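These are the residues of each chain, in order.
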Amino acid sequence: MNDVTNVATKYWHKLEDGRVQCDLCPRECHLKEGQRGLCFVRACENGEVVLTTYGRSSGFCVDPIEKKPLNHFLPGTPVFSFGTAGCNLSCKYCQNWDMSKSREMDILANQATPEQIAETAKKLGCRSVAYTYNDPVIFLEYAVDTAKACREHDIKSVAVTAGYISPGAREDFFAWMDAANVDLKGFTEDFYRKLTGGHLQPVLDTLKYLKHETDVWFEITNLLIPGHNDSEDDLKRMLDWIVTELGPDVPLHFSAFHPDYKMLDVPPTSPESLTKARELAMAHGLHYVYTGNVHDSKGGSTWCHSCGELLIERDWYVLGKWGLDEKGCCASCGEKIPGVFDPRPGDWGARRLPVAMPS
């Protein structure tokens, strides 16, 4: 039970100098025998790249789907959530750093096969499984196998990701996802390079791919960090790009930063800054813009962009008024609301249920 399970991967190739190159993400780590990539979970073993954390998790929990955050995907329903360890970005402000920056396999104390996850989610009444807490891109093989098992039980799959993935792996990964929240961390190359250790363009490519080449329902989160990615100029350029490349109906979540990891000297995001960003986004033509990580019922609720009627009232993760008809249209004016909706909302509320998987 204490052995980490290694499985073969296909996203790599041999180099002329004897090393191997991992092709999963734009980092393209060059590895000697026994070396691990920056993500720490993909390693060179016997001359090929293996995933070292298959079947191992840092924990399992049932959350509200709105916590991912997804506001237009099965509102009010429970989602079975889990992650592993490691990450392929190096965000200095990471708010899950104890998992994503972990170099200790002891954090992966929980084990479960894809079939066990699907069966447990079904038993607990979950409509979906979320690959979250750390980025599922780095445990792609485990996530995809779990998604395949979930489809056998009519359970949807949700990726909570930074979208930092290479084209070939991107197609294989999202082919099995039903929904995603993509973290668009900023809108300058300088921000990505200095604060995340990555690059902006691959994330934009992922977003365009999701919009134009898949049926995956996706929403975007932008964590507003005071003094780093919250200038009006940066926000305007990001909003112009979203409207032009993705359209006005993609939901955008502005989330509040709080000091963490290596950025303890930066103040938290004020509620006023989130509200200002939300208003700016709507003025730029986005129809569904939300605030997160703060108590803001107005900014957290869904409003009809056509007639202004309150469609889905949210107080944190608890739903109130429901203004959609059985076809997912505004009950007042008939406007079709983009998303994936049941005829009636779920009633999971704000509960968080840790789950102990069977041995």
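Predicted, not measured: the structure shown is a model, and the values here were computed from it.

**Comments concerning empty space enclosed by the protein**
Okay, so step 1: Applying the stated criterion across every chain yields a total of 2 cavities of 30 Å³ or more.
Okay, so step 2: In this model, the largest cavity occupies a volume close to 90 Å³.
Okay, so step 3: Contributing to the lining of the largest cavity are 13 residues, with Cys 22, Cys 25, Cys 29, Cys 39 and Arg 42 lying nearest its centre.
Okay, so step 4: Approximately 30 Å³ is the volume found for the second largest cavity.
Okay, so step 5: Lining the second largest cavity we find Gly 186, Phe 187, Asn 222, Asn 229, Asp 234, Leu 235 and Met 238.
Okay, so step 6: Top element by residues in the lining of the second largest cavity is helix α7 (residues 232-245). It accounts for 3 residues.
Okay, so step 7: Among the residues making up the lining of the second largest cavity, the classes are represented as 3 nonpolar, 3 polar and 1 charged.

**Side note on unusual backbone geometry**
Okay, so step 1: The amide bond that connects Lys 68 to the next residue, Pro 69, takes the cis arrangement and shows omega of -10°.
Okay, so step 2: Its location among the elements puts Pro 69 in the loop between β8 (59-64) and β9 (78-83).
Okay, so step 3: A positive phi is found at Glu 28, a non-glycine position, where the angle reads about 50°.
Okay, so step 4: Relative to the helices and strands, Glu 28 is located in the loop between β3 (20-22) and β4 (30-31).
Okay, so step 5: A positive phi angle, close to 75°, is found at Phe 40, a residue other than glycine.
Okay, so step 6: Mapped onto the elements, Phe 40 comes out in the loop between β4 and β5 (42-45).
Okay, so step 7: Judged by relative accessible area, Phe 40 falls into the buried class, the value being 18%.

Basis of the calculations
- Residues numbered from 1 in each chain as written.
- Predicted model: local features only at pLDDT ≥ 70, side-chain atom pairs only at ≥ 80, totals over all residues.
- Heavy atoms only, no water.
- 1 Å grid on protein atoms, 1.4 Å probe; cavity = no way out; pocket = protein on both sides within 12 Å on 5 of 7 lines; lining within 4 Å.
- Points joined across faces, edges and corners; volume = space filled by probe spheres on them.
- Helix = DSSP H or I, 4+ residues; strand = E, 2+ residues; numbered from the N terminus.
- Nonpolar A, V, L, I, M, F, W, Y, C, P; charged D, E, K, R; others polar.
- Buried < 20%, exposed > 50% of the residue type's maximum accessible area, 1.4 Å probe, protein only.

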